[in-house]
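Inside the fold
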Amino acid sequence: MTVESSLLYDLPAYTVRRNVVSAMANNVYLITAKGTGAQILIDAADDLPSIKELLKDATGDAEVPTSLAMIATTHQHWDHVRALAGLVSHSGVPTAAGTDDIPGIAKESGVAIDLALVHDGTLSVAGIELVAVHLRGHTPGSIAYVLQPGSDAAPIIFSGDSLFPGGVGNTQDDPARFTSLVNDVEERLFNVYPDNAVVLPGHGDGTTIGAERPSLPQWRERGW
C-alpha cells in the first residue's frame, strides 16, 4: 500500500492512516503521534502483511522513529481479529478491548487482552490518548475510540461496527439490542460530540455526527 492510499488525516500532532483488508472490507486504522512516534493500531482485522505495510507507510509520519505501542480492538467479531494473534506475535505490544468482549476475543483469536476498557476510560500511550465509549448492542462490549486532536481540529471517533453512515450496527433484529445500541449512540456520541466530529467505522467510508444527526428519529422508527 502506498502512502497516498493509506493517509486519511495529516493533523498538527497526529496522522491517521487506513488500510482496507479482506473480502469483508474491514478498516484497519493507525494513529501516529508526530512528537513521540508512538502508534495505536485499531482492529487487526486480517492480512498481516498488509498491516505491516501500513506500519511501513507511517515510518515518515513522526519527527522521531515510529513504534507500535498498542493494538486496540473495537469488538469481538471474528472479522475484526483475524490478524490479532499474528500482529501480537510480530510486535510484542500490549492489547486493549472492551471488558465485556474480552472472552469473545480470546475465543476468536486466541489472544489474552492486556487492558480491559470500560465506558469513559482512557487508552494512553506516549503522545496519544483515546477515550473509550462503550456502545452496547452490536456486541456486549463494543468500544468506540475517540481521539481529540487539539488545535481546534474535529474529534475523530473510531466507531467499529456500532455506527455507520446511515445507521447503527447490526443487532440481528433483536429489539432490545437495537434499543440499547441506538440509545448509547445517541447519549454517548450524538449528545457529547459536535457536528463536525468525524466518524470512522469498521467498514466503508466515514461520515460526521452532523451528517447523521437528523436521521436518528428515522432509525428509531424503522428499528435498525
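Here the structure is a predicted model, which means the values were calculated and not measured.

**Topic: unusual backbone geometry**
Positive phi outside glycine occurs at Ala-25, with the angle close to 50 degrees. Within the fold, Ala-25 resides in the loop between strand E2 (14-21) and strand E3 (26-33). By relative accessible area, Ala-25 is classed as partly exposed at 33%. One non-glycine residue with positive phi stands out, namely Gln-172, at about 50 degrees. Along the chain, the position of Gln-172 falls in the loop between strand E13 (167-168) and helix H5 (175-190).

**Brief notes about the sheet that holds strand E10 (residues 143-147)**
Strand order across the open sheet formed by 6 strands is E8-E9-E10-E11-E14-E15, with mixed pairing between neighbours. For this open sheet the edge positions go to strand E8 (122-125) and strand E15 (207-208), each flanked by a neighbour on one side alone. Pairing between E10 and strand E11 (residues 156-160): 3 bridges, direction antiparallel. Of the residues in E11, the one forming a bridge with Val-146 is Ile-157.

Definitions and cut-offs
Residues numbered from 1 in each chain as written. Predicted model: local features only at pLDDT ≥ 70, side-chain atom pairs only at ≥ 80, totals over all residues. Heavy atoms only, no water. Helix = DSSP H or I, 4+ residues; strand = E, 2+ residues; numbered from the N terminus. Buried < 20%, exposed > 50% of the residue type's maximum accessible area, 1.4 Å probe, protein only. Pairing = 2+ DSSP bridges.

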